Amino acid sequence: LINCSLYITSNLLIYFFKYDIGGSNWNASYVLFNTVGGAVQIISMMLFYPFLRKFMSSIKVFYVSFGMAISGYLILFVMMCLGVSSVYVLLAPGFLIFTAFGMLTVLTTVFLANTVDYGEFKNNRRDESVIFSMQTFVVKLASGIAGFISSMVLFVFHISSNKEAVVTEPIAASSRMGLRLSMTIIPIVVLVIGFIVFKKRYILTDRKLAEISKELEKKHQN
């Protein structure tokens, strides 16, 4: 769900810059936004997550990241509706979104690793290869679902998927609004669903993991 929300936005981003912002310099603005966003995502993995982890648990960092992503999407949507066209201004909500997804990427890997110990605790065997292979599967599945949703958005709102075509006339106002909603509100809904699922199903808090670790140590000693 987390990956789906990010991929939906990234898939539709080029059409937002091309058809909504427009202008002769739209491609340069798109490249700049994408490049800065990718850099921020990497920095958040390397610096922001370890920094926040010093002050709070992984689960709390997870919740903070959700809040940052949703806030970034809401600010971005408001800016879109206000007709903000400066890429430098749009980088402000973009910073929140890409920082959040950078940390969420790290955290989903951490939580996945935690399930290895939990699996050994419950089933008396470590299924590391099977569990970690799920990460690749999930990423590809999310990419496929996001690609399908993005294609449907372009079809429903009559937006050309030809990235190389020259824009001769602006798209309809309804198409612009549909694109804006699809890029921001749909990912928010998907993230909220992901948050609810995580809140209900994930039980491996730091305390629980410490208890499991002690039990596994006892088993290994025996």
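Cut-offs applied
- Residues numbered from 1 in each chain as written.
- Predicted model: local features only at pLDDT ≥ 70, side-chain atom pairs only at ≥ 80, totals over all residues.
- Heavy atoms only, no water.
- Phe/Tyr/Trp six-rings, centres within 6.5 Å; stacked < 30°, edge-to-face > 60°.
- Helix = DSSP H or I, 4+ residues; strand = E, 2+ residues; numbered from the N terminus.
- Buried < 20%, exposed > 50% of the residue type's maximum accessible area, 1.4 Å probe, protein only.
- pLDDT = per-residue confidence, 0-100.
- Axes fitted to C-alpha atoms, helices over the stretch in contact; angles between N-to-C directions.
- Parallel < 35°, antiparallel > 145°, perpendicular 65-115°, else oblique.
- Left-handed = near helix turned anticlockwise from the far one by under 90°.
- Contact = heavy atoms within 4.5 Å.
- Core = buried A, V, L, I, M, F, W, Y, C linked by side-chain atoms within 4.5 Å.
- Expected span 1.5 Å × (residues − 1).
- Bend = angle between axes of the 7 residues up to and from the residue.

By the definition in use, this model includes 17 aromatic pairs. Ring geometry for phenylalanine 62 and phenylalanine 111: centres 5.1 Å apart, planes at 75°, overall edge-to-face. Separated by 49 residues along the polypeptide, phenylalanine 62 in helix H3 (residues 58-81) and phenylalanine 111 in helix H4 (residues 87-123) bring together distant segments of the chain. By the burial criterion, phenylalanine 62 is buried, and phenylalanine 111 matches it. A centroid spacing of 4.3 Å and a plane angle of 45° characterise the contact between phenylalanine 62 and phenylalanine 198, whose relative ring orientation is tilted. Here phenylalanine 62 is found in helix H3, whereas its partner phenylalanine 198 is found in helix H6 (residues 173-201), with 136 residues between them in sequence.

Here we take up the confidence of the model for the protein. Low pLDDT means the predicted atomic positions in that stretch should not be read closely. Overall, the prediction assigns the protein a mean pLDDT of 89, with 99% of residues at 70 or greater. Of all the helices and strands in the protein, helix H7 (residues 206-221) carries the lowest mean pLDDT, 86, while H3 carries the highest, 94.

Our focus in this paragraph is the packing of helix H1 (residues 2-21) against H3. The geometry of H1 relative to H3 is characterised by a closest axis approach of 13 Å and an angle of 25° between their N-to-C directions. The pairing of H1 with H3 is recorded here as roughly parallel in orientation. The way H1 lies across H3 gives a crossing that is left-handed. Listed contacts from H3 to Ile2, Ser5, Leu6, Thr9 and Phe16 of H1 are Phe62, Phe66, Tyr73 and Met80.

Turning to the nonpolar core, a few remarks are in order. Of all hydrophobic cores here, the largest spans 54 residues; its most connected members are Leu12, Phe16, Phe17, Phe33, Phe62 and Phe101. Put simply, the parts of the chain that give this core at least two residues each are H1, helix H2 (26-53), H3, H4, helix H5 (128-156), H6 and H7. For phenylalanine 33, the contacting residues outside a window of four places in its chain are Leu13, Phe17, Val87, Leu90, Leu91, Gly94 and Phe98.

Turning our attention to H4. End to end, H4 covers 52 Å across 37 residues, agreeing with the expected 54 Å (1.5 Å per residue, within 8%). Along H4, the largest kink reaches about 40° and is centred on proline 93. In the stretch just after H4, asparagine 124 is the one whose phi turns positive, near 60°.

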